[in-house]
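Architecture and fold: a report
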Amino acid sequence: MTKRKLIGGNEATAEGAIAAGCRYFFGYPITPQNKIPEYMSEHLPLVGGTYVQAESEVAAINMLYGAAATGAWAMTSSSSPGISLMQEGLSYMIGSELPCVVVNMVRGGPGLGNIGPAQSDYWLATRGAGHGDGRCLTFAPYSVQELYDLTGEAFTIAQRYRNPVMILADAILANMKEPCRLHERRDHPTQQPQWAVGGARDGRPRNIINSLYVDLPEEEQVNLRIARRYAEAAQNEVRLAEYGADKPQILLCAYGIAARICQTAAQRATQAGVPTRLLRPISLFPFPAQTIRRWADCVEKILVVELSLGQFIEDVRLAVEGRCPVELMGRTGGMVMTPEEVTDRIVQMGQSD
Amino acid sequence: MREEVYMAGMGGQGVLLAGQILAQAAMMVGLEVSYFPLYSPEVRGGRATCTVVIANDQVGSPVVGHPAMMILMDKIAVNNHLDRLRPDGLVVVNSSLAGEEFDRDDITTITIPANDIAIDVGSERAVNMVLLGGYVAMTESVSLADIEQALREVIPERHHSFMPVNIAALHRGAQAAMKAISPTR
Amino acid sequence: MSRATVPDSTDDTTAVYTYPDSLTEVPMRYCPGCTHGIAHRLVAEVIDELGIQERTVVIATVGCSVYAYEYFNTDAVQAAHGRGPAVATGIKRTQPDTLVFTYQGDGDLASIGLAEVMHAAARAENFTVIFINNAVFGMTQGQMAPTTLMGQKTTTTPRGRTLQQGGHPLNICELLATIPGVAYLARETMTAPKYVLRAKRSIKKAFQAQMDELGFSLVELVSTCPTWWRMKPLEAFKWLEDEMLSQYPLQVFVDKTEQND
Ligand SMILES: Cc1ncc(C[n+]2csc(CCOP(=O)(O)OP(=O)(O)O)c2C)c(N)n1
Ligand code: SF4
Ligand SMILES: [Mg+2]
């Protein structure tokens, strides 16, 4: 086993990408993810890669569109206000069936908000990607190690489904340091995918990267093809983790940093006499609906804990389909709940019956 | 085992560095750990706090509502945070800047004149090491020797000339803590 | 910080230096040696002297000066990063007799907001821009700005700005000088009293141009960021004069207020 290194979430994200073979980064500074572009500007030139500081997030996402069109392994990272500006570019990439990786270290909003931790871009990440009938495949790490691992894996997943992959984290994960096992940096794949542009050399038919389909039935066929890929991802890429009581009275649902808080709360609530299990979706789109639905038949209640005022809970409710009551515990605006508060709430729920 | 410590002080006192060194030491002895810093958005002269959680297996929440232990480096830190210490908790306070009198009688208070000791060992900037030494003397997860090891890893090579001062500060802090605790226990 | 008290009339001393009415008493959060504070004061003095405090709207943008809405004692709107000139356009078109100014850093104006400022000038939009060029993104911790000098080290040009990694610095005044809609355009600095006086004169002319409805006006203030230049305040002032002023020479580029006299 490799040695562990105490490293920050932002650095782990950047190193995870480089180690997986990402060699191109386009970005625009914004707190709390500045250590990602700073790390990239330092390290990419050392591995033959390229770092470009774009003049804006609008430019950054379109640089990524261009790089992705050539089949390069490329990424950008930003935080909420910047991700808002990237929506148009993401929509074009989905429509043009291009893979890329986008990291969102979510901060308090709406508007300029603040640089505190938040999960209020859940809808933006899982529903959005601008206009049109497409979505980002979205993954939510909950530790520094997972930031490193998942950011790396995101490149393979993006290639597999020819779709943008979003890594959704927050200001706490971005800034916190934890031991992390790093592997060797791998080189990026040299062979271009057969759909990529770069000159129709040696008699290969020319490639066109495009999202304009004036022929309506053709657009529908493209969208259905994209939808089939999402269905395929739902078969293969659903990820979740579960912790705590085997015969729970209460099921906690939380992702990312909220799941960390809940891990401790579930343990304490169980010790306090209310058997509690935590279910943590790691993939948010595709969503682990089936597992949640199965648990909904076996528990009294579900408590959804999120750093937003009821975004993630909608997916949980859609999964539960009314099988049991689903309650919300949310904080917003950069504030977080403590494990003590979550424990109290669970104990209250457990006793009220 | 789950050890939660919250550290607070003003920018420049080395709050974040103390937290990182503790986290590094915990990692090096094979424990799980998370270190979570928070500092005010103003560029300079702001407040700095961090939370370190050490555990045998999963760390769980890096956010702690009522920590069992605190290191408070000045008066404002005491005023802002001491009421959140868990009953029966332990606090290591820098009495050079925060005095000796506190509102709570349900906790263990270790007062250490950290600025005075730091000056005495050769650098006022070693305040954080004095207090960290005091803290380590009161807990079990890591030893002073582990902290010394961690210091070597965290502090860049070119600053290693400050190592003797830092190590002296650690040990003096630990001695001061032992002295402070002995009459009441 | 407390407001300087004006001696009452029974006292035979006269006030020669008072706190401008157009600044609030909120203590500014700028670092030691940062010229944002001087720039605020100069603008406030001009607003006082022109007697336009009650007609003025400041557009606070995104950068270290984002709290401009707390410091200027006038109506204020906070705009998204780079979009100040578009927001100013909206205000000015609906309330033409207000006096509107944006206060923008080089990241805000020259990077993400370059399109907005260029098109506002092209439309001869009748408002004033105060442009703080400190050659870095201060607020986000010292990354390269479009105005960063060649060779300058920043947190995203760790080996110094090179043509390959960061391209050339952008001279905003020289670009704007080609646009006919511009009524007043000058580059000033604030590192010495003589420069401060010049800067204030230019800011006043820029507002005058707006009051006379002559079109778009902009004053670039070559500024310091000691924190991210990693210098002491005095070193920063010297570096500005020695290094920045050769890339960004002080000059009045356009002055249509003259023809108006
Ligand atoms: C859409 C968006 N992208 C990025 C940011 C982050 N951001 C805040 S201030 C800033 C740059 C500030 O630099 P500058 O305008 O030069 O002002 P200074 O702080 O140097 O005075 C950036 C990139 C943001 N708030 N919104
Ligand atoms: S970071 Fe730079 S621009 Fe911002 S307040 Fe400090 S010195 Fe001024
Ligand atoms: Mg700037």
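Here's what I pulled together on the structure shown here. On a predicted model such as this, the values are computed, not experimentally measured, just so you know.

The next subject is the interface of chain B and chain A. Put simply, an interface is often sized by how much accessible area is lost when its parts join up. Facing the 26 residues of chain B at the interface are 23 residues of chain A. Summing both partners gives a buried area of about 1800 Å² for chain B against chain A, and 57% of it is carried by carbon and sulfur. It is Met27(B), Gln58(B) and Val63(B) in chain B that bury the most area against chain A; as a group they hold 26% of the surface buried on that side. Here chain B is connected to chain A by 2 salt bridges. We note a salt bridge from Glu32(B) to Arg4(A), for which the minimum N-O separation is 3.2 Å. Where chain B meets chain A, there are 13 residue pairs in polar contact (both at pLDDT 80 or more). Listing elements by their share of the side of chain B that touches chain A, those giving two or more residues are strand 1 (2-10), helix 1 (15-28) and strand 2 (32-39) of chain B.

The next point concerns the side chain of His36(C). One can find His36(C) in helix 1 (residues 36-50). Exposure remark for His36(C): the relative accessible area of 6% places this residue in the buried category.

Residue and element names in this part refer to chain C. Each protein donor to the magnesium ion (ligand 3) is listed here as Asp106 (OD), Asn134 (OD1) and Val136 (O); together their distances run 2.1 to 2.5 Å. Taken in sequence order, the residues that donate to the magnesium ion (ligand 3) follow the motif D-x27-N-x1-V. According to the relative accessible area criterion, Asn134 is buried, its value standing at 7%. Residue classification places Val136 among the buried residues on the basis of a relative accessible area of 2%.

Now for the nonpolar core. Counting residues in each nonpolar core, the largest one holds 122 residues, and the members touching the most others are Met40(A), Ile302(A), Val305(A), Val316(A) and Val342(A). Formed jointly, this core draws a minimum of three residues from each of two domains, domain 1 (2-236) and domain 2 (241-351) of chain A. Ignoring sequence-local partners within four residues, the contact set of Met40(A) consists of Ala14(A), Ala17(A), Ile18(A), Phe25(A), Pro45(A), Tyr51(A) and Met75(A). The next biggest cluster of nonpolar side chains, apart from the first, holds 52 residues, and it includes Tyr35(B), Val52(B), Ile110(B) and Val127(B).

Attention now moves to empty space enclosed by the protein. All names here are of chain A. Throughout the structure, instances matching the rule amount to 1 cavity of 30 Å³ or more. Looking at the largest cavity, its volume works out to about 30 Å³. Going through the elements one at a time, strand 7 (164-170) and helix 10 (256-271) are the ones with two or more residues in the lining of the largest cavity. Among the elements that take part in the lining of the largest cavity, strand 7 stands out by supplying 3 residues, more than any other. Residue composition of the lining of the largest cavity, by class: 7 nonpolar, 2 polar and 1 charged. The residue makeup of the lining of the largest cavity includes at least three contributed by each of domain 1 (2-236) and domain 2 (241-351).

Analysis parameters
- Residues numbered from 1 in each chain as written.
- Chains lettered and ligands numbered in written order.
- Predicted model: local features only at pLDDT ≥ 70, side-chain atom pairs only at ≥ 80, totals over all residues.
- Heavy atoms only, no water.
- Contact = heavy atoms within 4.5 Å.
- Buried area = accessible area lost by both parts, 1.4 Å probe.
- Salt bridge = Lys/Arg side-chain N within 4 Å of Asp/Glu carboxyl O.
- Polar contact = N/O pair within 3.5 Å; in protein donor to acceptor, adjacent residues only side chain to side chain.
- Helix = DSSP H or I, 4+ residues; strand = E, 2+ residues; numbered from the N terminus.
- Buried < 20%, exposed > 50% of the residue type's maximum accessible area, 1.4 Å probe, protein only.
- Donors = N, O, S within 2.8 Å, 3.2 Å for Na, K, Ca; no water.
- Core = buried A, V, L, I, M, F, W, Y, C linked by side-chain atoms within 4.5 Å.
- Domains from an automatic or database assignment.
- 1 Å grid on protein atoms, 1.4 Å probe; cavity = no way out; pocket = protein on both sides within 12 Å on 5 of 7 lines; lining within 4 Å.
- Points joined across faces, edges and corners; volume = space filled by probe spheres on them.
- Nonpolar A, V, L, I, M, F, W, Y, C, P; charged D, E, K, R; others polar.

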